[in-house]
Amino acid sequence: MGRNGIVFAGFLGSGKTSLILGIAKELAKRGVRTAIVVNEIGEIGVDGEFLKTTGAQTYEITEGCICCTLKKDLESTLSELASNYNPDAILVEPTGIAFPSVVAKVLGKYTSSTLIIGVVDAVRFAKLYREMREFVERQLREAKITAINKIDAIRSKAELETIAEITRQINPNSKILFVSAKTKEGFEEFVRELLAEEIKEEETVEDADLEINSITEARASWFSKELYLKFERPTSAFFVKKIVEEILNRIKGFGDPLHYKIVVSCRNGVLKAGITEKTGVPSFDSDISGWINECKMKVLFVDRSLPQEKIGSLFEDHIFELSNTFKFKVDVLAKKHDHAEVRT
Ligand SMILES: Nc1nc2c(ncn2[C@@H]2O[C@H](COP(=O)(O)OP(=O)(O)O)[C@@H](O)[C@H]2O)c(=O)[nH]1
Ligand SMILES: [Mg+2]
């Protein structure tokens, strides 16, 4: 078997990381050596620790730093992992990038086959398609497989068919699969298809603008931060979950979320929670239990109506209030920027 590379395209919050997590677990079961490369908005890699729980070698490339260009960092990360880890599969999530084929082209230098998967958020498809039609179409046009995700949240078969029909018109050559990263419905077939595909990408966009992404297209702002929380006394995971929920709901109350996410990691495990719509409620992708003395908290808020400073001040005010209620001390962790493999 050669080395397979898979690029996950798709709008912010459509479920790319969740799908990668599920696939990495499946590949691990099959004994496939897997590496994951995620490219994050902001200076903090939020999902790395969450993804690392699959056992796959995980690398984060963070953006929002002037020393970075995605292409350069992707090259150096891939070259490092190819020689140090020699994986059979490399799963890449370039956060909301407009031209996945550019990423596939770079990836192709280190793999024998590359495949682009367009991830569609079934819940928000109509809204995103209405508001960012060109962006959505551009991404889907480059996909060999279109994964219509979050089918667990859609009750009507007709609605899913309509989404499929629109994506089919955008790209008649793409294979359409219905999946749920949450309930794993349709997942078996999805993984089977991924492993069966052996496609060398031919069409690539030369000199495409890597600055165009979900954030710029939606004219959104982002705020990210990494904190260290130390509780005065052992605190139930239930309350830590409550804190996370409170923060997400509070900021949502003021803003218009495209994707908010919070990852809490501690000795008990990793908790990830997120929200992708103003009308939505926080969803929990992984959980922790037991008693907690201290934890690391990484947050990323991508919002369409609040400027960065406003998100920052709302977050800071609220965490201060919560620290009084739930009795914890907060330290802001220094920003790291070493493009390194994720370590806990
Ligand atoms: N209901 C449902 N929610 C999902 C599914 N996949 C992802 N989500 C939620 O969508 C949000 C964004 O997921 P994430 O994987 O972080 O999206 P990404 O930005 O594309 O990487 C999270 O809050 C997930 O809980 C799914 O299949 N069903
Ligand atoms: Mg993600």
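This text goes with the structure placed above it.
Residues numbered from 1 in each chain as written. Chains lettered and ligands numbered in written order. Predicted model: local features only at pLDDT ≥ 70, side-chain atom pairs only at ≥ 80, totals over all residues.

(A) Quick peek at unusual backbone geometry. With phi around 50°, Asn 86 is a residue other than glycine that occupies positive phi space. For Asn 86, the position within the fold is in the loop between helix 3 (70-84) and strand 4 (89-94). Residue Asn 86 is classed as exposed on the basis of its C-beta count, with 11 C-beta atoms lying within 10 Å. The backbone of Lys 150 sits at a positive phi, close to 70°, despite the residue not being glycine. With respect to the helices, strands and loops of the structure, Lys 150 is situated in the loop between strand 6 (145-149) and helix 7 (157-170). For Lys 150, a count of 23 C-beta atoms within 10 Å translates into the label buried. (Helix = DSSP H or I, 4+ residues; strand = E, 2+ residues; numbered from the N terminus. Buried ≥ 20, exposed ≤ 12 C-beta atoms within 10 Å, placed from the backbone.)

(B) Geometry of the site of ligand 1. In the neighbourhood of ligand 1, 21 residues make up the surrounding shell, with Gly 15, Lys 16, Thr 17, Ser 18 and Gly 274 lying closest. Secondary structure elements with two or more residues in the shell around ligand 1: helix 1 (16-29), strand 9 (257-266) and strand 11 (283-286). Looking at the shell around ligand 1 element by element, the count peaks at three residues for helix 1. In the shell around ligand 1, the residues fall into three nonpolar, twelve polar and six charged. (Near = placed C-beta within 6 Å. Nonpolar A, V, L, I, M, F, W, Y, C, P; charged D, E, K, R; others polar.)

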